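# Breakdown of the fold
The primary structure of each chain is shown beneath.
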Amino acid sequence: MEKKQDELEKQKSKAMKAVENLIDQVAESEEEIGKLKNQISNLEEQITSKKDDIEHKEEEYNEQEKLLDKRLIAIYKNGETSYLDLLLSSNNMSDFLARYYSASELIECDKDLIATIKEQKAQIEAEKTELENNKIQLNTSLEEQKKEKCRIRKITKRKTKLCKSAYRRRKRTSKRN
């Protein structure tokens, strides 16, 4: 009789350890889900911010591109001789230098505009790539969160089964005694 009692105590102890282990696993999984929720929230904020930033930069880019298009159309209509005509129609040397300086400034502005447009386009492409990476990371985090929730459900089911089993054993042994 005492041997059975010891055996039952061992089984009870074993079951309790298993339940405690499962409780610890649930706690770890819940903690992991909390971290994933924070990560998901941060990624969603980054994605929203990045989308807004990209929209703003695309608007600026489109404005700069329209300006460049207007400049190129004007240059095309007037031809390359317009700068030469501008310089040769000078009345004197100081007028020539002033026109040369103005033409040089205009050409420099055109170069800067082209460089700015190229830079903006590169930035937009880089941010779009970063946005896509954030979306991939978000989807990965969501999948991890689903897996952790599934893991918690399985652990909870095992814990429930263990508890029911221990309860039934205890009930059977108490009926026998």
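Remember, predicted model here, so these are calculated numbers, not experimental data. (Residues numbered from 1 in each chain as written. Predicted model: local features only at pLDDT ≥ 70, side-chain atom pairs only at ≥ 80, totals over all residues. Heavy atoms only, no water.)

## Concerning the pattern of salt bridges
Filter applied, for reference: Any carboxyl oxygen of Asp or Glu within 4 Å of a side-chain nitrogen of Lys or Arg constitutes a salt bridge here. The secondary structure listing takes helices from DSSP runs of H or I that are at least 4 residues long and strands from runs of E that are at least 2 residues long, numbered from the N terminus. Buried residues are those whose accessible area, probed at 1.4 Å on protein chains only, stays under 20% of the maximum for their type, while exposed residues exceed 50% and partly exposed ones sit between those limits.
This structure, assessed with the given rule, holds ten salt bridges. Among the ionic pairs, Glu-130 bridges to Lys-50, the shortest N-O distance being 3.5 Å. Note that Glu-130 is positioned in helix H3 (residues 93–176) and Lys-50 in helix H1 (residues 2–78), a separation of 80 residues in sequence. Between Lys-57 and Asp-53 there is a salt bridge, and its shortest N-O distance comes to 3.9 Å. Within this pair, Lys-57 and its partner Asp-53 are both found in helix H1, separated by four residues, close to a single helical turn. According to the relative accessible area criterion, Lys-57 is buried, its value standing at 19%. Salt bridges linked by common partners bring Asp-53, Lys-57 and Glu-127 together as one network.

## Digging into a negative patch on the surface
Our working definition: Like-charged residues are merged into a patch within 9 Å and nonpolar side chains (Val, Leu, Ile, Met, Phe, Trp, Tyr) within 5 Å, provided each residue has over 30% relative accessible area and no salt bridge. Working definition of accessibility: Shrake-Rupley area with a 1.4 Å probe, residue cover restricted to the visible protein chains. The sign given to each residue is positive for Lys and Arg and negative for Asp and Glu; His and the chain ends receive no count. Where a charge lies is defined by one atom per residue type: Lys uses NZ, Arg uses CZ, Asp uses CG and Glu uses CD.
Taken together, the side chains of Asp-52, Glu-55, Glu-59, Glu-60 and Glu-63 make up a negatively charged region of the molecular surface. Structurally, Glu-63 can be placed in helix H1. With a relative accessible area of 56%, Glu-63 lands in the exposed category.

## Comments concerning the confidence of the model for the chain
Should the pLDDT be low somewhere, the predicted coordinates at that spot are not to be read in detail. In plain terms, the rule: On a scale of 0 to 100, pLDDT captures the predictor's confidence in every residue.
With 94% of its residues at a pLDDT of at least 70, the chain reaches an overall mean of 84. The element-level mean pLDDT for the chain is lowest in helix H2 (residues 81–88), coming to 73, with H3 highest at 86.

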